[in-house]
Amino acid sequence: ASRKIINFSPGPAKIPEQVLERAQKELLSYQNTGISVMEMSHRSADFVKIISHAENTLRELLHIPDDYQVLFLPGGGSGQFAGIAMNLMGLKESRCADYVITGTWSAKAAKEAEKYGKVHLVFPKRDKYHDIPDMSTWKLNPDASYVHYCANETVHGVEFEFIPETNGVPLVCDMSSNILSRPVDISKFGVIYAGAQKNIGCAGVTLVIIRQDLIGYDMPECPSILSYKVQAGNNSVYNTPPTYSIYIMGLVFDWLVEQGGCEAMAKRNLEKVKLLYDLIDASKGFYHAPVHHTCRSRMNTHLRISSADGAVDEKLEKEFIDEAAKKGMIQLKGHRSIGGLRISLYNAINVDEVRTLIDFMREFQEKHQ
Ligand code: PMP
């Protein structure tokens, strides 16, 4: 089987070869059980071991404090847009939550939450998502049930370099596209959630890390499968969970431990993204990253290519994408809502793969500038 392709997809994204190879080895018969993990009862001792191992490894990787519960839920990041609101709006009588909107995904989260309570934007909606307004300008509501933000906006490539201070109001964070890419102080958060298909494994399972005291406020209409109380009370196996996705997630966590954990990932991710931004910044405007340097993402970079007159050149962008694909570098197209290019450098992408891309980008520039 050939793995000569370099997959820069924003998600579902590249999974480390070592993980896929191990999954392949165990595909027909998981550790002498004679059956595949896919065929295993979610209540069997073998699967309980798989899910506990995944949880324990994650706890080790993120240094999750004991008063936090780890849940593996269905429904993706979008499921949690509703799940967060249904479970947490009731934390205060206000039934009102603060939303920080810095891109497509936090905007979607706010829109979904409106179905279940009041949503207050801490700053007005912006035309373009190129920066994060200074916290001194935010209007936080001290009576809010929670404050929601997205640590890394996957479409625009806007990433927080700081953790917002909410003066005791529980902080809820969508970390779908940068979880495990660097160390994070879990104790600063009420809830962290993340879909698996970027830095965690394959689609189907959503990680929720929640401080214990925030569990138990779900609204009566909340579906049991999304209720933190029900799921926490059943160790995430209230019903049949996405068993295979949970297994793959555990393998990715093992791989991360072998690699040196979040600390090593942070170092490597910084090295990778520096290669990219150094090239962009030295390109004399040929490559242009619209996001302000204070919130440039380490995971997703949105890029435009300009022709000599300085205007965005969509034809050249298309040529870039097509030529890169011919050389085995795929999924470089920007999100359909904003066009251009998008380069995603999640944990599984290694430094050599970034160098290959950078070399191509340099050649492409020399040919066309
Ligand atoms: N949040 C972020 C930051 C995302 O990037 C995405 C998907 N790309 C989502 C939420 C939605 O995730 P899902 O498709 O799993 O619902």
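Definitions and limits used
Residues numbered from 1 in each chain as written. Predicted model: local features only at pLDDT ≥ 70, side-chain atom pairs only at ≥ 80, totals over all residues. Heavy atoms only, no water. UniProt positions renumbered as here; feature names shortened; annotations may be inferred. Helix = DSSP H or I, 4+ residues; strand = E, 2+ residues; numbered from the N terminus. Rg over C-alpha atoms; globule rule 2.2 N^0.38 Å. Buried < 20%, exposed > 50% of the residue type's maximum accessible area, 1.4 Å probe, protein only. Lys, Arg positive; Asp, Glu negative; His and termini not counted. Charge placed at Lys NZ, Arg CZ, Asp CG, Glu CD. Near = heavy atom within 4 Å. Polar contact = N/O pair within 3.5 Å; in protein donor to acceptor, adjacent residues only side chain to side chain. Areas by Shrake-Rupley, 256 points an atom, 1.4 Å probe, with all protein chains shown as cover. 1 Å grid on protein atoms, 1.4 Å probe; cavity = no way out; pocket = protein on both sides within 12 Å on 5 of 7 lines; lining within 4 Å. Sits in = over half its atoms within 2 Å of the grid points. Nonpolar A, V, L, I, M, F, W, Y, C, P; charged D, E, K, R; others polar. Salt bridge = Lys/Arg side-chain N within 4 Å of Asp/Glu carboxyl O. Points joined across faces, edges and corners; volume = space filled by probe spheres on them. Phe/Tyr/Trp six-rings, centres within 6.5 Å; stacked < 30°, edge-to-face > 60°. Patch = residues over 30% accessible without salt bridge, like charges linked within 9 Å, V, L, I, M, F, W, Y side chains within 5 Å. Pairing = 2+ DSSP bridges.

As recorded by an unreviewed UniProt entry, the protein carries the name Phosphoserine aminotransferase and is attributed to Ridgeia piscesae. The Cofactor (unreviewed entry) field of the UniProt record for the protein holds the comment "pyridoxal 5'-phosphate". Checking UniProt for the protein, the heading Pathway (unreviewed entry) contains the comment "Amino-acid biosynthesis; L-serine biosynthesis; L-serine from 3-phospho-D-glycerate: step 2/3."

**A closer look at the overall build of the protein**
When helices and strands are tallied, the protein shows 9 helices and 14 strands. Taking 369 residues into account, the globule formula puts the C-alpha radius of gyration at 21 Å, and the protein, at 21 Å, falls close to it. Principal-axis analysis of the C-alpha atoms places the extent of the protein at approximately 60 × 55 × 30 Å. When the 369 residues of the protein are sorted by exposure, 56% land in the buried category. Taken together, the 41 basic and 44 acidic charged side chains of the protein have centroids lying 3 Å from each other.

**Here we look at the UniProt feature "domain: Aminotransferase class V" (unreviewed entry) in the protein**
Feature annotation in UniProt assigns "domain: Aminotransferase class V" (unreviewed entry) to the following positions: residues 6–357. In the segment residues 6–357, helix accounts for 32% and strand for 15%; the C-alpha atoms at its two ends are 9 Å apart.

**What to know about the site of the ligand**
Taken together, 13 residues form the shell around the ligand, and within it Ser 78, Thr 154, Asp 174, Gln 197 and Lys 198 come nearest. Taking Thr 154, its side chain carries an N or O atom lying 2.4 Å from an oxygen atom of the ligand. Within the side chain of Gln 197, a nitrogen or oxygen atom sits 2.9 Å from an oxygen atom of the ligand. Starting from 400 Å² of accessible surface for the ligand in isolation, the protein chains cover 84%. Here the ligand is seated within the largest pocket. Grouping the amino acids of the shell around the ligand by side-chain chemistry returns 3 nonpolar, 8 polar and 2 charged.

**Concerning the pattern of salt bridges**
Per the stated rule, a full pass over the model turns up 19 salt bridges. Arg 126 is the partner of Asp 131 in a salt bridge, and the nearest nitrogen-oxygen pair spans 2.3 Å. The exposure class assigned to Asp 131 is partly exposed, which follows from its relative accessible area of 27%. For the salt bridge of Arg 211 with Asp 213, the shortest nitrogen-to-oxygen distance reads 2.7 Å. Look at Asp 213 and you get partly exposed, because its relative accessible area is 44%. Salt bridges sharing partners connect three or more residues here, namely Glu 159, Glu 161, Arg 182 and Arg 298.

**Digging into unusual backbone geometry**
The linkage connecting Gly 11 with the following residue, Pro 12, adopts the cis geometry, with an omega of -10°. Its location among the elements puts Pro 12 in the loop between strand S1 (6–7) and helix H1 (17–25). You will see that Asn 235, though not glycine, has its phi angle at about 50°, which is positive. Tracing the sequence through the fold places Asn 235 in the loop between helix H5 (228–233) and helix H6 (243–259).

**Details of the layout of surface pockets**
By volume, the largest pocket is sized at about 270 Å³. Residue lining of the largest pocket: 20 residues in total, with Trp 105, Thr 154, Ser 176, Gln 197 and Lys 198 positioned closest to the centre. The residue inventory of the lining of the largest pocket, partitioned by class, reads 6 nonpolar, 11 polar and 3 charged.

**What about the packing of aromatic side chains?**
Applying the stated rule across the entire model yields 16 aromatic pairs. Each ring, one from Trp 138 and one from Phe 160, has its centre 6.4 Å from the other, and the planes form 85°; the classification is edge-to-face. In this pair, Trp 138 sits in the loop between strand S4 (118–121) and strand S5 (147–150) while Phe 160 sits in the loop between strand S7 (158–159) and strand S8 (171–174), placing the two residues 22 residues apart along the sequence. When the centroid spacing of 5.2 Å and the interplanar angle of 50° are considered together, the rings of Tyr 244 and Tyr 247 count as tilted. Of this pair, Tyr 244 and Tyr 247 are both found in helix H6, 3 residues apart, which corresponds to roughly one turn of the helix. Given a relative accessible area of 4%, Tyr 247 falls into the buried group. A connected cluster of aromatic rings, assembled from ring pairs, spans Phe 123, Trp 138, Tyr 149, Phe 160 and Phe 162.

**Remarks on a nonpolar patch on the surface**
Judged by side-chain polarity, Leu 27, Leu 28 and Met 38 come together as a nonpolar surface patch covering roughly 330 Å² of accessible area. Among the structural elements, Leu 27 can be located in the loop between H1 and helix H2 (45–62).

**Points about the pairing of strand S12 (residues 300–305)**
Here S12 lies mainly inside the structure; 6 of its 6 residues are buried. Neither face of S12 is left uncovered, since the one carrying Asn 300, His 302 and Arg 304 and the one carrying Thr 301, Leu 303 and Ile 305 both have all their residues buried. Strand direction decides the pairing type here: strand S11 (residues 287–288) and S12, joined by 2 bridges, are antiparallel. Looking across to S12, one finds that His 288 is bridged to Arg 304.

**Regarding the pairing of S8**
The alternating pattern of S8 places Leu 171 and Cys 173 on one face and Val 172 and Asp 174 on the opposite face, and all of these are buried. As paired strands, S5 and S8 are joined by 4 bridges and run parallel to one another. Considered in S8, the bridge of Cys 150 is made with Asp 174. Here 3 bridges tie S8 to strand S9 (residues 191–195), and the two strands are oriented parallel to one another. Across the sheet, residue Asp 174 finds its bridge partner in S9, namely Tyr 193.

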